[in-house]
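Letter by letter, the chains look like this.
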Amino acid sequence: MSPDTTPTQQSTSLSPAPKNYGLFVAFIAIIGAFSSLVNDMYLPTMPSMMKEFHTTPSMTQMGISMAMAGMGLGSLLWGSASDRYGRKPVLIVSLIVFVLSTALSLFSPNIVFFIICRLFQGLGAGGAMVLSTSIPADVYMGRQLAKLMAIIGAINGVAPAFGPVLGGFMADWVGWRGIFVVLLVIGLVMTFWTTRYHETLPPQRRLQARSFGDYVKAYRSLFSNGRFMTYVTIKAVAIGLLYAYISSAPFIIQTHYGFSAMAFGLIFGGNALAMGIGSSLALRFKVMKQAMVAGCIGMFVFAVADAFVMWHEASFMLYEVFAVPMLLFSGMIFSSSNTLSMEVGRAEAGTASAILSVVKYAFAAVVSPLVGLGNMFHSTAIAYVVITVIALLLAWRASRLTPLADMVRSK
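Note that the structure is predicted; figures quoted are calculated from it, not measured. Sequence positions are assigned chain by chain, starting from 1 and proceeding in written order. In view of the model being predicted, local features appear only for residues whose pLDDT reaches at least 70, and side-chain atom pairs are presented and counted only at 80 or more, with totals across whole chains, interfaces and linings using the full set of residues. Note that water and hydrogens are dropped before the side-chain values are worked out from all heavy atoms of the structure.

1. Let's talk about the overall build of the protein
Test applied: Put simply, DSSP H or I for four residues or longer makes a helix, DSSP E for two residues or longer makes a strand, and each gets a number counted from the N terminus. Put simply, the radius of gyration uses C-alpha atoms, and a globule should come to 2.2 Å times the residue count raised to 0.38. In this scheme, a residue with accessible area under 20% of its type's maximum is buried, one over 50% is exposed, and one in between is partly exposed, where area comes from a 1.4 Å probe on protein chains only. Contacts are assigned to residue pairs with any non-hydrogen atoms lying within 4.5 Å of each other. Areas reported as accessible are Shrake-Rupley estimates using a 1.4 Å probe. Residue values count occlusion only from the protein chains shown. Lys and Arg are tallied as positive, Asp and Glu as negative. Neither His nor the chain termini are counted. Throughout, a charge is located at the NZ atom of Lys, the CZ atom of Arg, the CG atom of Asp or the CD atom of Glu.
When helices and strands are counted, the protein shows 15 helices and zero strands. The C-alpha atoms of the protein give a radius of gyration of 20 Å, which matches the 22 Å a tight globule of 411 residues would have. Referenced to the eigenvectors of the C-alpha coordinate spread, the extents of the protein come out at roughly 60 × 45 × 40 Å. Scored against the burial criterion, the 411 residues of the protein give a buried share of 60%. Looking at the protein alone, contacts between residues at least 24 apart form 87% of all its contacts between residues at least 6 apart. Working note: accessible area of the protein is about 15,700 Å², and carbon and sulfur atoms make up 71% of it. Charge-centre separation for the protein: the mean point of 26 positive side chains lies 9 Å from the mean point of 14 negative side chains.

2. Some points on unusual backbone geometry
Peptide bonds are mostly trans, and most non-glycine residues show a negative phi. Notably, His-54 is not glycine yet its phi reads approximately 55°, a positive angle. Relative to the helices and strands, His-54 resides in the loop between α4 (46-52) and α5 (57-85). The class for His-54 is exposed, based on a relative accessible area of 74%. Its identity is not glycine, yet Glu-313 carries a phi of approximately 50°, on the positive side. Mapped onto the elements, Glu-313 comes out in the loop between α12 (288-311) and α13 (316-344). A relative accessible area of 34% means that Glu-313 is categorised as partly exposed.

3. Some words on the nonpolar core
Put simply, the rule reads: We define the nonpolar core as a collection of buried residues of types Ala, Val, Leu, Ile, Met, Phe, Trp, Tyr and Cys that are connected through side-chain atoms lying within 4.5 Å of one another.
Of all hydrophobic cores here, the largest spans 127 residues; its most connected members are Tyr-245, Tyr-319 and Tyr-384. With 19 residues, helix α10 (residues 226-256) is the single largest residue contributor to this core. When neighbours within four sequence positions are excluded, Tyr-384 is seen to be in contact with Leu-241, Ala-244, Tyr-245, Ala-303, Asp-306, Ala-307, Met-310 and Met-326.

4. Quick notes on the environment of Ala-238
Along the chain, Ala-238 falls in helix α10. When its relative accessible area of 0% is taken as the criterion, Ala-238 is described as buried. Separated by 42 residues in sequence, Ala-238 and Ser-280 have C-alpha atoms that sit 16 Å apart.

5. Details of the pattern of salt bridges
Filter applied, for reference: Here, a salt bridge means any Lys or Arg side-chain nitrogen found within 4 Å of an Asp or Glu carboxyl oxygen.
In the structure shown here, the tally under the stated rule is three salt bridges. Two residues, Arg-87 and Asp-138, come together in a salt bridge whose shortest N-O distance is 2.8 Å. Of this pair, Arg-87 sits in helix α6 (residues 87-105) while Asp-138 sits in helix α7 (residues 111-139), and the two are 51 residues apart along the sequence. A single burial state applies to Arg-87 and to Asp-138, both of which are buried. Overlapping salt bridges, with partners in common, bring together Asp-83, Arg-87 and Asp-138 in one network.

6. Describing helix α14 (residues 349-370)
Threshold: Take the residue count of a helix, subtract one, and multiply by 1.5 Å to get its expected span.
Here α14 contains 22 residues, and its C-alpha end-to-end distance of 32 Å stays within 8% of the 32 Å for a straight helix at 1.5 Å per residue. For α14, the tally of buried residues reaches 18 of 22 residues, placing the bulk of the element in the interior.

7. Describing the packing of aromatic side chains
Two aromatic rings, taken as a pair, are described by how far apart their centres are and by the angle between their planes. In plain terms, the rule: Working definition: rings of Phe, Tyr and Trp (its six-membered ring) pair if their centres are within 6.5 Å, and the pair is stacked with planes under 30 degrees apart, edge-to-face with planes over 60 apart, and tilted otherwise.
Within the structure shown, the criterion is met by 19 aromatic pairs. Aromatic side chains Phe-114 and Phe-180 sit 5.7 Å apart centroid to centroid with 55° between the ring planes, which places their arrangement in the tilted category. Placement of Phe-114 in helix α7 and of Phe-180 in helix α8 (residues 142-195) is noted, with a sequence separation of 66 residues between them. A relative accessible area of 0% places Phe-180 in the buried class. Members of the aromatic cluster, joined through ring pairs, are Tyr-42, Phe-53, Phe-114, Trp-176 and Phe-180.

8. Re the environment of Met-317
Along the chain, Met-317 turns up in helix α13. As for Met-317 and Ser-379, which are separated by 62 residues in sequence, their C-alpha atoms are 20 Å apart.

9. Some details on the packing of α5 against α7
Here is the rule: In this analysis, axes come from line fits to C-alpha atoms, helices being fitted only over the stretch in contact, and the angle between any two N-to-C directions falls in the range 0 to 180 degrees. Helix crossings are classified by the rotation of the near helix relative to the far one: an anticlockwise turn of less than a right angle makes the crossing left-handed, while a clockwise turn makes it right-handed.
Two elements in contact, α5 and α7, have axes separated by 5 Å at closest approach and are oriented at 35°. By crossing handedness, the relation of α5 to α7 is classed as right-handed.

10. Regarding a nonpolar patch on the surface
Stated formally: Here a patch means residues that are over 30% exposed by relative accessible area and free of salt bridges, tied together within 9 Å if like-charged and within 5 Å if nonpolar (Val, Leu, Ile, Met, Phe, Trp, Tyr).
A grouping of Trp-311, Ile-382, Val-386 and Ile-390 is seen on the molecular surface, where their side chains present a nonpolar patch of about 350 Å² in accessible area. Broken down by element, the nonpolar patch gets its largest block of residues, three residues, from helix α15 (residues 376-399). Take Ile-390: it is sitting in helix α15. On the accessibility criterion, Ile-390 (34% relative accessible area) is partly exposed.

11. Observations concerning α7
As a reminder, the rule being used: Think of it this way: the bend at a residue is just the angle between two axes, each fitted to seven residues, one set ending at that residue and the other starting at it. Think of a polar contact as two N or O atoms within 3.5 Å of one another; within protein, one of them needs to be a possible hydrogen donor and the other a possible acceptor, and neighboring residues in sequence only count if both atoms come from side chains.
Here α7 is 29 residues long and its end C-alpha atoms lie 42 Å apart, about the 42 Å a rise of 1.5 Å per residue gives. Of all the bends in α7, the greatest, near 30°, is centred on Leu-131. Of the residues that open α7, the one with a side-chain oxygen 3.2 Å from the backbone nitrogen of Val-112 is Asn-110.

12. Here's the deal with the confidence of the model for the protein
Definition in use: Values of pLDDT, ranging from 0 to 100, describe the predictor's confidence in every residue of the model.
Confidence in the prediction of the protein, expressed as mean pLDDT, is 83, and 90% of residues score 70 or more. Mean pLDDT across the elements of the protein ranges from a minimum in helix α1 (residues 7-12), with 37, to a maximum in α6, with 95. Low pLDDT, under 50, characterises residues 1-12; the stretch is placed with 18 contacts to residues that sit more than four places away or in other chains. Note on residues 404-411: pLDDT is under 50 here. Beyond four places in sequence and across chains, it has 33 contacts.

Structure, rendered in structure tokens:
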């Protein structure tokens, strides 16, 4: 629970729990997986896309960066809007933006047009992402919220696993455009499903913003909350590491080590499952903050080891041995930092989720093209070390927070 509210206050501020918990988890998990679906499914096609558009690896990776930037901007837009107008209408509008931009991207004549479409695709997907964390905070708290976040994190570990596998199988048959048709269908299905979804933020609990200044005050309040921003930044740094891996892996595994697009999908998918396992392991800790700190330490150790392997361009087996546990510890950070952040920012869940999303996507958008500069092994290795050192410093800061902030129990 949030350190600034009593149990009674929080209980009365929650909406009724959904009648069908399984369908609710599935709905939240799918909209929460949009970032993985938007990026991971077409990863195996990036080398061939680079050839089709006659461009460079770094320019091709800008497709990921622009989607991340769009998700960040979308998070700011949709998060605060959902606090004011409700979750359902905002989610429907954002999904419509996603559907239209995805359809338009199918007609890309060059890489610049494609990148612009990716910006709007990310803008629409940002609504799904931000609401995947604010909607659960509308109906659950404490242990129940932590459990739901861990379940969703585990399910979402399958999304980046399934995406490249499916993309790898489709790459040689239908190319990236066929993959984007699948994304279009997913967007249409989720838009229809959302119309059947019951609102979790009733009018009496919405942000009564009368001017732009009221929104600014809500953001300022959370940005100035040191505890909240520590948890948010730890999540963002872990996402930065994940996208350093995501952006470099297709070129390292396919181009350098010589694996096919389908083999890459299977390898990447297996690695991504480790994130889901790590998310579930976070529940083993009595206090969520302990899971987050342990995740930062483990991520640092194995990322530095993998950086050493990449710097010396060692065997694929060594690269893989260290990448898997690195991703596992990252998964522990994702679920624990999500839970802690949303507990602190419960009063303005949409705004809190927006900040959580925009900060992490800012890291991802910056990191993705940087790993394509120069020698990709060296640039990725440097990114791994710098990012995880930052995570380690933030983990030390988090460990010194007063116990009052760490009342999110997993069991």
